[in-house]
Amino acid sequence: VGGGAGIVLSRAAANAIIAMRDSAECDPLNVKWSDRIHQGGDAWLGDCADASGVHVDMEYGFYPQPPVANLFHHFKDAVSFHGVEDHQSMYAALAANASGQPYDSRCVPMFIDHKYNCLPHFIIGGVPKAGTTSLYKYLLQHPHVLPAADKELTFWGNFFSPKKRPSRDEVMTEYLSKFPKIQPHEFKVTGEATPGYLYCSTCPTYILKYVPKVKFIFTLRNPVSRAYSEYLNKKVDRTVMRYLKKRIDNKMEKELSDEAP
């Protein structure tokens, strides 16, 4: 499909977009072009694809591996927009992969800063007071495991509600920028550990959209022992009463809400 340097759609993605053709996001006759930041047809198609729920790769790409066709090995419902500024680096990466040179098959590259860099490889998602910090430190003892800017990035926890979805810009600037840049030939991995992700029902969907093939690791613990451990921890740092008050207030607010059954 034409548009800039080219747009690649799978059959499943095309069918999903066609099904949305009469919606406000996808009907070109009803789109308020004057209100849009990007007014090109390819940008409109990208928004339409995003609204239809298919995996969208825009800006320099989250998903395309060299060669770009490998994108469809990960997703049957994929659409890829290839806007490449540094063609020399892109062709070098394609040539390296085609030549059979060492290439980490665990790596899902994104093209940024004129280079292919691997997306995070693992996320430790819970639960609190169940050894996530210790596990993360144990993993970092391996020379091929690199740390994120902070152990708990908490980024995906900002999107508990299905009505609030992370944008590509937010993922790029507020999340992926917190990880070290690892190139496919370096054979290293990175990840983070945020225990609160376990309680977020929407997190897996959003994470896998932007970080495909990521490994989820969960640590569990006897609920009674875990709760008591968390109580002792909050008692030491003198936040136990504030924590309980917040929980009680949230519970009361939901039960006394006009929307409560």
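Residues numbered from 1 in each chain as written. Predicted model: local features only at pLDDT ≥ 70, side-chain atom pairs only at ≥ 80, totals over all residues. Heavy atoms only, no water.

## Quick notes on unusual backbone geometry
For the bond running from Gly 126 to Val 127, omega is 0°, close enough to zero to count as cis. Relative to the helices and strands, Val 127 is located in the loop between strand E6 (122-126) and helix H5 (132-140). Its identity is not glycine, yet Thr 154 carries a phi of approximately 60°, on the positive side. Secondary-structure assignment places Thr 154 in the loop between strand E7 (145-147) and helix H6 (168-175). The partly exposed category is assigned to Thr 154, whose relative accessible area is 38%. (Helix = DSSP H or I, 4+ residues; strand = E, 2+ residues; numbered from the N terminus. Buried < 20%, exposed > 50% of the residue type's maximum accessible area, 1.4 Å probe, protein only.)

## Some points on the sheet that holds E6
With parallel pairing, the four strands of this open sheet are ordered in space as E7-E8-E6-E9. The sheet terminates laterally at E7 and strand E9 (215-218), the two strands that pair on one side only. Strand after strand, the sheet turns through a mean of 30° between neighbouring axes, direction not considered. (Pairing = 2+ DSSP bridges. Axes fitted to C-alpha atoms, helices over the stretch in contact; angles between N-to-C directions.)

## As for the pairing of strand E8 (residues 189-193)
For E8, the buried fraction is high: five of the five residues fall into the buried class. Relative to E8, E6 runs parallel, the two being bridged by three bridges. Bridged to Ile 123 within E8 is Glu 192. Note: E7 against E8, three bridges, orientation parallel. Pairing of Val 145 across the sheet is with Val 189, part of E8. Once the chain exits E7 it traverses H6 before rejoining the sheet at E8, and the crossover so formed is right-handed. (Right-handed = clockwise from strand over helix to strand, strands pointing away.)

## So, the state of the cysteines
Counting across every chain of the model gives two disulfides. Linked covalently through their sulfurs, Cys 107 and Cys 118 form a disulfide whose S-S length is 2.0 Å. Residues Cys 107 and Cys 118 share a disulfide whose torsion about the S-S bond is about -110°; that sign makes it left-handed. Remark: Cys 118 occurs in strand E5 (residues 115-118) and Cys 107 occurs in the loop between helix H4 (87-98) and strand E4 (109-112); sequence separation between them is 11 residues. For Cys 107, a relative accessible area of 0% translates into the label buried. The exposure class of Cys 118 is buried, given its relative accessible area of 5%. With a sulfur-sulfur separation of 2.2 Å, Cys 200 is cross-linked through a disulfide to Cys 203. Every disulfide takes its handedness from the sign of the S-S torsion; for Cys 200 and Cys 203 that torsion is 90°, giving right-handed. (Disulfide = S-S within 2.5 Å.)

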